[in-house]
Amino acid sequence: MDRLSGVEERLDGSLDDPRALAGNLRDLARVNRWLGGLRLSMAGIERLAPGRAPLTVLDVGTGGADIPLALIDLGRATGRDIRVTAIDERPEVLAAAVRSTPRLSATGELTLHVADGRALPYPDDAFDIAHCSLLVHHLEPAAARIVLAEMGRVARLGVVVNDLIRGRRNWLGAWLLSHTLTGNPYTRHDAPLSVRRAYRVHELTALMTAAGLRVERTLTDPLRHRTMLCARARNGSS
């Protein structure tokens, strides 16, 4: 299956239906929780910063910010000070996230900002880890390399990328799940399309290498529909 480009997902469009947008963000949080996406991100962050406290994380393209909240909850449960700056380039997405999950605006360890991953408004080495989940498949290769390079620039320890794997079986699974478990129009449209736009593991590895990152660990979920790559910047700690 060739990668599909030049086709827009609903999340990349006008976002003119706030109720559907909020529902889509909730669907994505369920997918992260139920189908292993959250576990992959946690594994990558722990690989680069085992037990580190305090720990600062930049979450790029945060969407509903469910992974930042899970990280903060983990820190509270284990006595670790974990602080997350979560950014998204669409203010409509952050507004919908707060409406859907009010605790986002009341969590002291979490900061929400509108920012573009292609030009992060932070100095070099501003965070321990830069992380993104379900972001890279939205980007064409040139834009992906820019975002990944920016993530490597602001991360002292390294970068964690968590995304879908393109494939016919994965496309069918996304279509079935999105058409049986939810009636949300954004989710039904975007889920199978996201798989068509996703990269294979070797393609993600090549993008990260081209962005100046040294891939250290790759994990794939048991269903082989999603992967996590953690990498260190060229000048990062080993």
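Read on for a plain summary of the structure. Remember, predicted model here, so these are calculated numbers, not experimental data.

What to know about the nonpolar core
Alright, step 1. In this structure, Leu21, Leu55, Leu71, Val84, Leu110, Ile129 and Val160 are the most contacted members of the largest nonpolar core, which totals 32 residues.
Alright, step 2. Put simply, the parts of the chain that give this core at least two residues each are helix H1 (18-34), helix H2 (37-48), strand E1 (55-60), helix H3 (66-78), strand E2 (82-88), helix H4 (91-100), strand E5 (155-164) and strand E7 (226-233).
Alright, step 3. It is H3 that contributes the most residues to this core, five residues altogether.
Alright, step 4. Ignoring anything within four residues of it in the chain, the contact list for Val160 reads Ser41, Gly44, Ile45, Leu48, Ile129, Ala130, His131, Cys132, Met151, Met228, Leu229 and Cys230.
Alright, step 5. Counting residues in hydrophobic clusters, the runner-up holds 29 residues, among them Ile87, Phe127, Leu135 and Leu229.

Comments concerning the pattern of salt bridges
Alright, step 1. All told, the structure shown has 18 salt bridges when counted by the stated rule.
Alright, step 2. Here Arg90 makes a salt bridge to Glu92, at a shortest N to O gap of 3.5 Å.
Alright, step 3. When its relative accessible area of 30% is taken as the criterion, Glu92 is described as partly exposed.
Alright, step 4. The network of salt bridges with common partners includes Glu9, Asp12 and Arg197.

Thoughts on the pairing of strand E4 (residues 127-133)
Alright, step 1. Most of E4 is tucked away, with seven of its seven residues classed as buried.
Alright, step 2. Sheet topology note: the E1/E4 ladder contains four bridges and is parallel. In the sheet register, Val60 faces E4, and the bridge partner there is Cys132.
Alright, step 3. Pairing analysis gives six bridges linking E4 to E5, with the strands arranged parallel. Counterpart to Phe127 in the pairing with E5 is Ala155.

Cut-offs and rules
- Residues numbered from 1 in each chain as written.
- Predicted model: local features only at pLDDT ≥ 70, side-chain atom pairs only at ≥ 80, totals over all residues.
- Heavy atoms only, no water.
- Core = buried A, V, L, I, M, F, W, Y, C linked by side-chain atoms within 4.5 Å.
- Buried < 20%, exposed > 50% of the residue type's maximum accessible area, 1.4 Å probe, protein only.
- Helix = DSSP H or I, 4+ residues; strand = E, 2+ residues; numbered from the N terminus.
- Contact = heavy atoms within 4.5 Å.
- Salt bridge = Lys/Arg side-chain N within 4 Å of Asp/Glu carboxyl O.
- Pairing = 2+ DSSP bridges.

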